[in-house]
Amino acid sequence: MKNNKVTVTIAGVSYNLISEEETAYMEKVAAHVDEKVHELDGSGISTTEAGVLAALNIADEYYKALATGEHLRSQIKELLEESAKLKAEISEKNREIFKLQNKKG
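These notes cover the structure that comes with them. (Residues numbered from 1 in each chain as written. Predicted model: local features only at pLDDT ≥ 70, side-chain atom pairs only at ≥ 80, totals over all residues. Heavy atoms only, no water.)

1. With respect to the side chain of Asn4
Heads up, the condition is: To qualify as a helix, a DSSP run of H or I must reach at least 4 residues; to qualify as a strand, a run of E must reach at least 2; elements of each kind are numbered from the N terminus. To sort residues, take the accessible area from a 1.4 Å probe on protein chains only and compare it with the maximum for the residue type: under 20% means buried, over 50% means exposed, and anything in between is partly exposed. The contact definition used throughout considers only heavy atoms, calling two residues in contact when any of these lie within 4.5 Å.
Mapped onto the fold, Asn4 is located in strand β1 (residues 4-10). Residue classification places Asn4 among the buried positions, given a relative accessible area of 11%. If we ignore the near neighbours within four places in the chain, the residues touching Asn4 are Leu17, Ile18, Ser19, Glu20, Glu21, Glu22, Thr23 and Met26.

Structure (structure tokens):
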């Protein structure tokens, strides 16, 4: 795979990134981190502390997103199981209708 290079700025510091990801994606990720660090501006903490707190906030978002994804997967699984049961019921009812129609004729 091709390695892409991009320079991004986070909290006023430039970083050279190399990744297999597209440069636009790397810039988007860096912008998110920069935004999280800047949310802590003016709170009287150092840039390092702001970086750590930003990382904690991002990790929190990540784990909440994982939990949401797992919940959605669980809901989908339940809905698919219910759908399969309903399809089986429909098939059984169709067989009953077919039998009743054949008895009349």
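From this point on, the discussion continues.
2. Quick look at helix α2 (residues 47-104)
Put simply, the test is: Take the number of residues in a helix, subtract one, and multiply by 1.5 Å to get its expected span.
Between its terminal C-alpha atoms α2 stretches 84 Å, which fits the 86 Å expected from 58 residues at 1.5 Å a residue. When we look at burial in α2, the residues that qualify are Ala50, Ala54 and Gly69. Where the residues of α2 are buried, they touch α1 (23-38).

3. A look at the packing of aromatic side chains
The way to describe two aromatic rings as a pair is by their centre distance and the angle between their planes. Where we set the bar: What counts as a ring pair is set by centres within 6.5 Å for rings of Phe, Tyr and Trp (its six-membered ring), and what kind of pair is set by the plane angle: stacked under 30 degrees, edge-to-face over 60, tilted for all other angles.
This model, assessed by the stated rule, comprises one aromatic pair. For the ring pair Tyr62 and Tyr63, a centre distance of 5.0 Å and an interplane angle of 75° mean the geometry is edge-to-face. Of the residues examined, Tyr62 reaches a relative accessible area of 48% and is grouped as partly exposed.

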